[in-house]
Amino acid sequence: MKLFGKNHIIICIITFGILFLMNYLGNDQADKLERALMIGAAGVIGLSIGLVIMNKGKNDKTPPQDFD
């Protein structure tokens, strides 16, 4: 998956939405909006960092010879 491509943006929006709703609806403290926003943003940042690490040094021009 390409970093900041169409699929990456869609997955980031879905990840943010799920994390935000889980933390906003399940929290009884006074600062639940701020916590939900920070955790949702941290999830999207973590997803992007993981994608960068996964694609680091990837050369798509020469695939393996016997890849099935």
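You'll find the structure just up there.
Every value quoted in this text rests on a predicted model; they were computed, and no experiment measured them. (Residues numbered from 1 in each chain as written. Predicted model: local features only at pLDDT ≥ 70, side-chain atom pairs only at ≥ 80, totals over all residues. Heavy atoms only, no water.)

Focus on the packing of aromatic side chains
Counting across every chain of the model gives 2 aromatic pairs. Centroid distance F16 to F20: 5.9 Å. Interplanar angle 15 degrees. Geometry classified as stacked. Of this pair, F16 and F20 both sit in helix 1 (residues 6-25), 4 residues apart, which is roughly one turn of the helix. Given the relative accessible area of 29%, F16 is considered partly exposed. Accessibility expressed as a relative area gives 18% for F20, which makes it buried. Between F20 and Y24, the ring centres sit 5.5 Å apart and the planes meet at 10 degrees, which makes this aromatic pair stacked. Here the residue F20 and the residue Y24 both occupy positions in helix 1, the gap between them amounting to 4 residues, near one helical turn. A relative accessible area of 29% means that Y24 is categorised as partly exposed. Put simply, the rings of F16, F20 and Y24 touch in pairs and so form one group of aromatic residues. Above the face of the Y24 ring, K32 is positioned so that its terminal group lies 4.6 Å from the ring centre. (Phe/Tyr/Trp six-rings, centres within 6.5 Å; stacked < 30°, edge-to-face > 60°. Helix = DSSP H or I, 4+ residues; strand = E, 2+ residues; numbered from the N terminus. Buried < 20%, exposed > 50% of the residue type's maximum accessible area, 1.4 Å probe, protein only. Lys NZ or Arg CZ within 6 Å of the ring centre and 35° of its normal.)

Things to note about helix 1
For helix 1, spanning 20 residues, the distance from its first C-alpha to its last is 29 Å, which sits close to the expected 28 Å at 1.5 Å a residue. Every buried residue belonging to helix 1 is among H8, C12 and F20, and all of these are buried. For helix 1, the buried positions fall inside an angular range of 90 degrees around the axis, keeping them on one side. The outward face of helix 1, more than 90 degrees from its buried face, is lined by the exposed residues K6, I13, M22 and L25. Tucked into the core, helix 1 has its buried residues touching helix 2 (32-54). (Expected span 1.5 Å × (residues − 1). Arc of directions from axis to C-beta. Contact = heavy atoms within 4.5 Å.)

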